[in-house]
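# A closer look at the structure
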Amino acid sequence: MTNGSEVVHGYPHLDTVRAAITALHKRLSYDGVRAYASSVPPADVAFCDQDDLHLGAQRVAHALVHQLRLPEARMVVSFREMTHAASVELTAGPEYFIELNDRFRGHRRDIGAALAHEITHVLLHRLGLSFPGTRDNEILTDTVTTYLGAGWLLLDAFREDEVSSQKLGYLTPEEFGYVLAKRALVFDEDPSVWFTSPQGYTAYTKGRAQALRDGQQPPLSAAGWNGRRRYAKDRRHAQDHPGGPGHPGPGTGPGSTYAFERVPGGGLRVSFPCPTCHQRIRVPVRGRVRARCALCRTVLECDT
């Protein structure tokens, strides 16, 4: 886990984040994801300067192990000088050894954030879920930490002013806000009340706006006028060129585009990403239809 001195903003990793959400749903299944319906409560991970350093770290680690449903994993937390914010030794268990940067001795409020990321590494190790390459695998870890109810701590650790900044993890603050909002929409949570960092709260509101836009893309019925007009133009193009390939729509990026496809018999269907889990859905082009995502079971109203 890294702690960057220069904070990057925006959504440079959004495609990988979306792929991580899909991979998590595929690995855990609908019922497995639903088992994480409650986020870790702020009271369970609170850490003040009066707490004993090692006992407090063990207490918070225990709460996060419980949140991430790792009842058999015992975390041994230590502190030392290191370049990164934290690291974990992944073995077969039953004990896992987490090392935190010495600077957390004086920044105890952020110990929970560092532990959440490292303990998620343990969960992913046990699930056998990983992405190729260090960068993408760390983005997967941040995404899963947040989606399973422990990552709001990472966003709350983000602070930035005119002279200094701090951010834990590989996602940008807005990407953390995006994943947190995705979770909030699924489980009907309001994480905004948990933030102690004003910058974290602002990043959450920006990420939430981006997450809401996922549910407003054509062919979803909630799409705006411009999106519906663009979709109708692309649909006419696909219908007028029956011998050509399916015609993709621009959407909002590679992970959010719709595409028209030919079906046997000359008909047309449209594929698009589920706004909840980003698994691609295919429905016939025949006006208003109701689709259900087979992966996350979200019911979608579409105007194809």
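So, how was this worked out
Residues numbered from 1 in each chain as written. Predicted model: local features only at pLDDT ≥ 70, side-chain atom pairs only at ≥ 80, totals over all residues. Heavy atoms only, no water. Helix = DSSP H or I, 4+ residues; strand = E, 2+ residues; numbered from the N terminus. Contact = heavy atoms within 4.5 Å. Phe/Tyr/Trp six-rings, centres within 6.5 Å; stacked < 30°, edge-to-face > 60°. Buried < 20%, exposed > 50% of the residue type's maximum accessible area, 1.4 Å probe, protein only. Expected span 1.5 Å × (residues − 1). Disulfide = S-S within 2.5 Å. Pairing = 2+ DSSP bridges. Axes fitted to C-alpha atoms, helices over the stretch in contact; angles between N-to-C directions. Left-handed = near helix turned anticlockwise from the far one by under 90°. Nonpolar A, V, L, I, M, F, W, Y, C, P; charged D, E, K, R; others polar. Core = buried A, V, L, I, M, F, W, Y, C linked by side-chain atoms within 4.5 Å.

Further remarks concern the environment of Thr143. Mapped onto the elements of the fold, Thr143 is located in helix α5 (residues 134-147). Separated by 33 residues in the primary sequence, Thr143 and Phe176 place their C-alpha atoms 7.5 Å from one another. Those residues in contact with Thr143, other than ones at most four positions away along the chain, are Val17, Ala20, Ile21, Leu171 and Val179.

Given two aromatic rings, their pairing is described by the distance between the two centres and the angle made by the two planes. Under the counting rule described, the total for this entry stands at 5 aromatic pairs. Their ring planes at 40 degrees and their centres at 5.9 Å tell us that Phe195 and Tyr204 sit as a pair that is tilted. Taken as a pair, Phe195 and Tyr204 share a single burial class, namely buried. For the pair Tyr231 and Phe260, a centre-to-centre distance of 5.2 Å together with 45 degrees between the ring planes defines the contact as tilted.

With that settled, the discussion passes to helix α9 (residues 225-240). In an α-helix, one turn spans 3.6 residues; hence positions three or four apart end up facing the same way. Between its first and last C-alpha atoms α9 spans 23 Å; for 16 residues at 1.5 Å apiece the expected length is 22 Å, and the two agree. Among all positions of α9, only Gly227, Tyr231, Ala232, Asp234 and Ala238 are buried. As for α9, its buried residues are in contact with β7 (259-262), β8 (268-273) and β11 (299-303).

Let us look at the state of the cysteines. All chains considered together, the criterion is met by 0 disulfides. Among the cysteines around Cys302, which has no disulfide bond, Cys274 carries the closest sulfur, lying 9.8 Å off.

A separate point is the sheet that holds strand β9 (residues 280-284). Strand order in the open sheet made by the 3 strands is β7-β8-β9, with antiparallel pairing throughout. Each end of this open sheet is capped by a strand with a single partner; those strands are β7 and β9. With direction set aside, neighbouring strand axes in the sheet form an average angle of 30 degrees. Relative to β8, β7 runs antiparallel, the two sharing 4 bridges. Along β8, the bridge assignment pairs Ala259 with Ser271. Relative to the sheet, α9 contacts β7 and β8, its axis offset from that of β7 by approximately 20 degrees.

The next thing to look at is the pairing of strand β10 (residues 288-292). Alternating positions in β10 separate cleanly, Val289 and Ala291 being buried on one face and Arg288, Arg290 and Arg292 remaining unburied on the opposite face. Where β10 hands over to β11, the hairpin turn is made up of 6 residues, of which Arg297 adopts a positive phi near 70 degrees.

Attention now moves to the packing of α5 against helix α7 (residues 173-187). Between α5 and α7, the shortest axis-to-axis distance is 8 Å and the interhelical angle comes to 35 degrees. The handedness of the crossing between α5 and α7 comes out as right-handed. Listed contacts from α7 to Asp142, Thr143, Thr146 and Tyr147 of α5 are Phe176, Val179, Leu180, Lys182, Arg183 and Val186. Along the lines of polarity and charge, the residues of the contact of α5 with α7 split into 5 nonpolar, 2 polar and 3 charged.

Counting 69 residues, the largest nonpolar core has Leu64, Met75, Leu100, Ile111, Leu115 and Ile119 as the members making the most contacts within it. Here this core takes 10 residues from helix α4 (residues 111-127), the largest share from any one element. With residues up to four places along the chain from it excluded, the contact list for Met75 reads Gln58, Ala61, Val65, Tyr96, Ile98, Ile119 and Val122. The next biggest cluster of nonpolar side chains, apart from the first, holds 20 residues, and it includes Cys274, Cys277, Cys296 and Leu300.

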